[in-house]
Amino acid sequence: MNPVPVPCVWVVASHRELGNPDGNPQCYTVMDEAGSRTLVNMGMQPVCYPRVPDERLEAVLAHVDGVLLGGSDTNVHPRLFAEAPAAPDLQYDAERDRLAPALIRLAIRHRVPVIAFCRGSHDFNVCMGGSLHQSLRQRAGGVQHWEEEGESLDEQYAERHDVSCAPGGELERLTGLSRFPASSLHSQGVKVLGHGLVAEAHADDGLVEAFRWHDPSLFAWGFQFHPEWGWRWHPAYGRIMDTFAQACWARLAQRGGAQRAERIAAATSAKPAPRSPSLM
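Predicted model, so just to flag it, every value in this text is computed and none were measured.

## Details of the overall build of the protein chain
Link 1 in the chain: The helix and strand tally for the protein chain stands at 7 helices and 13 strands.
Link 2 in the chain: When the backbone C-alpha atoms are referred to their principal axes, the protein chain occupies close to 85 × 50 × 40 Å.
Link 3 in the chain: Looking at the 280 residues of the protein chain, the share that counts as buried comes to 49%.
Link 4 in the chain: Considering only residue pairs separated by 6 or more positions, the protein chain has 68% of its internal contacts joining residues 24 or more positions apart.

Here it is in structure tokens:
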């Protein structure tokens, strides 16, 4: 039986120092669990390539149909947007800070679909020259963008506030909604939007909640909220994730066609050219 191909989506890894069974701190490479489960449930296959050297990124990217940059407790290091850390106790991820910007830029160059949420959207914005609020708690505006201590997981990912889509924008068109409730649980957020990015939704305090690459024919989006969490029932989240899935399937079809063309070309070039009758 011939295997049925499905889109493979590169889930960008995070790197955390956790306690091992003996209680000693040890570095672990981890994948976004909610994002990975959502990909599987939507008929795609999450894959992970940790610590890929810069010189291998393009070759590895050629084998996937999408890129997912999920959330993390860690923060994008402020040195990447020319600031010093605002607090001494913030956690960072130097390896993700190295890999994510180059991967995002390559994905856009090669038209590989990208979806980024929470910390992933911060990776996206900063790699395009944007900057971040280091602590949304210190920002005035009256909208809560963070979780409270002691909340359950469901409470943490519940909708905290509404977001408004840009009138006539791509997110309004994609979701069919002008306003919807959204989750929010991260200390950082977009301050200055990066080059080539278009704001598609804002919270009531003006914080950018969704943005995209300026070419709407390429699915490359960043979300402050978590569309992978509750996508089965949330009307906006489901349409966002469905559109990403469609883009990945289209990339798979395109990649499969290119691979078949390469195989045919290779087979043709391997055969001896027929002799011309005039030379026989």
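## Quick look at empty space enclosed by the protein
Link 1 in the chain: By the definition in use, this model includes 1 cavity of 30 Å³ or more.
Link 2 in the chain: The volume enclosed by the largest cavity comes to roughly 60 Å³.
Link 3 in the chain: Looking at the largest cavity, the residues that line it are W10, V12, A13, H15, Y49, P50, R51, E95, R96 and L99.
Link 4 in the chain: Here the lining of the largest cavity takes 3 residues from helix α3 (residues 94-109), the largest share from any one element.
Link 5 in the chain: Considered class by class, the residues forming the lining of the largest cavity number 6 nonpolar, 1 polar and 3 charged.

## Re the sheet that holds strand β4 (residues 45-47)
Link 1 in the chain: Taken in spatial order, the 9 strands make up an open sheet running β4-β1-β5-β6-β13-β12-β11-β8-β9, and their pairing is mixed. Two strands in the sheet have a free side with no partner beyond their single neighbour: β4 and β9 (179-183). The average angle at which neighbouring strand axes cross in this sheet is 25 degrees, direction not considered.
Link 2 in the chain: Across 5 bridges, strand β8 (residues 159-165) lies against β9 in antiparallel orientation. Residue pairing for β9: S164 is matched across the bridge by R179.

## Some points on the pattern of salt bridges
Link 1 in the chain: The tally for this structure, following the rule as stated, stands at 17 salt bridges.
Link 2 in the chain: Here D123 ties to R96 by a salt bridge, and the two come within 2.9 Å at their closest N and O atoms. On the criterion of sequence distance, the pair formed by D123 in helix α4 (residues 119-127) and R96 in helix α3 is long-range, its members being 27 residues apart. Like D123, the residue R96 is buried in the burial classification.
Link 3 in the chain: What emerges from the salt-bridge pattern is a single network uniting R51, D54, E95 and R98.

## Focus: the layout of surface pockets
Link 1 in the chain: The space that makes up the largest pocket amounts to roughly 1000 Å³.
Link 2 in the chain: Taken together, 40 residues line the largest pocket, and the ones lying closest to its centre are G71, S72, D73, Y157 and L185.
Link 3 in the chain: Considering only residue class, the lining of the largest pocket consists of 15 nonpolar, 14 polar and 11 charged.

## Side note on the side chain of H15
Link 1 in the chain: By the element assignment, H15 lies in strand β2 (residues 14-19).
Link 2 in the chain: The class for H15 is buried, based on a relative accessible area of 10%.
Link 3 in the chain: In this structure, H15 is in contact with Y28, T29, R51, D93, E95 and R96, ignoring residues within four places of it in sequence.

## Focus on α4
Link 1 in the chain: Within α4, 9 of the 9 residues are buried, which leaves the element mostly enclosed by the surrounding structure.
Link 2 in the chain: Of the positions making up α4, those classed as buried are R119, G120, S121, H122, D123, F124, N125, V126 and C127.
Link 3 in the chain: Positive phi shows up at G129, right after α4, with a value of about 90 degrees.

## Structural notes on the packing of α3 against α4
Link 1 in the chain: Viewed as axis vectors pointing N to C, α3 and α4 meet at an angle of 70 degrees, and their least axial separation amounts to 9 Å. When the interaxial angle is binned, α3 and α4 end up roughly perpendicular. As α3 runs across α4, the sense of the crossing is right-handed. Every residue of α4 that contacts α3 at R96, D97, A100, P101, I104, R105 and I108 is listed here: R119, G120, D123, F124 and C127.
Link 2 in the chain: Here the contact of α3 with α4 is composed, by residue class, of 6 nonpolar, 1 polar and 5 charged.

About the cut-offs
- Residues numbered from 1 in each chain as written.
- Predicted model: local features only at pLDDT ≥ 70, side-chain atom pairs only at ≥ 80, totals over all residues.
- Heavy atoms only, no water.
- Helix = DSSP H or I, 4+ residues; strand = E, 2+ residues; numbered from the N terminus.
- Buried < 20%, exposed > 50% of the residue type's maximum accessible area, 1.4 Å probe, protein only.
- Contact = heavy atoms within 4.5 Å.
- 1 Å grid on protein atoms, 1.4 Å probe; cavity = no way out; pocket = protein on both sides within 12 Å on 5 of 7 lines; lining within 4 Å.
- Points joined across faces, edges and corners; volume = space filled by probe spheres on them.
- Nonpolar A, V, L, I, M, F, W, Y, C, P; charged D, E, K, R; others polar.
- Pairing = 2+ DSSP bridges.
- Axes fitted to C-alpha atoms, helices over the stretch in contact; angles between N-to-C directions.
- Salt bridge = Lys/Arg side-chain N within 4 Å of Asp/Glu carboxyl O.
- Parallel < 35°, antiparallel > 145°, perpendicular 65-115°, else oblique.
- Left-handed = near helix turned anticlockwise from the far one by under 90°.

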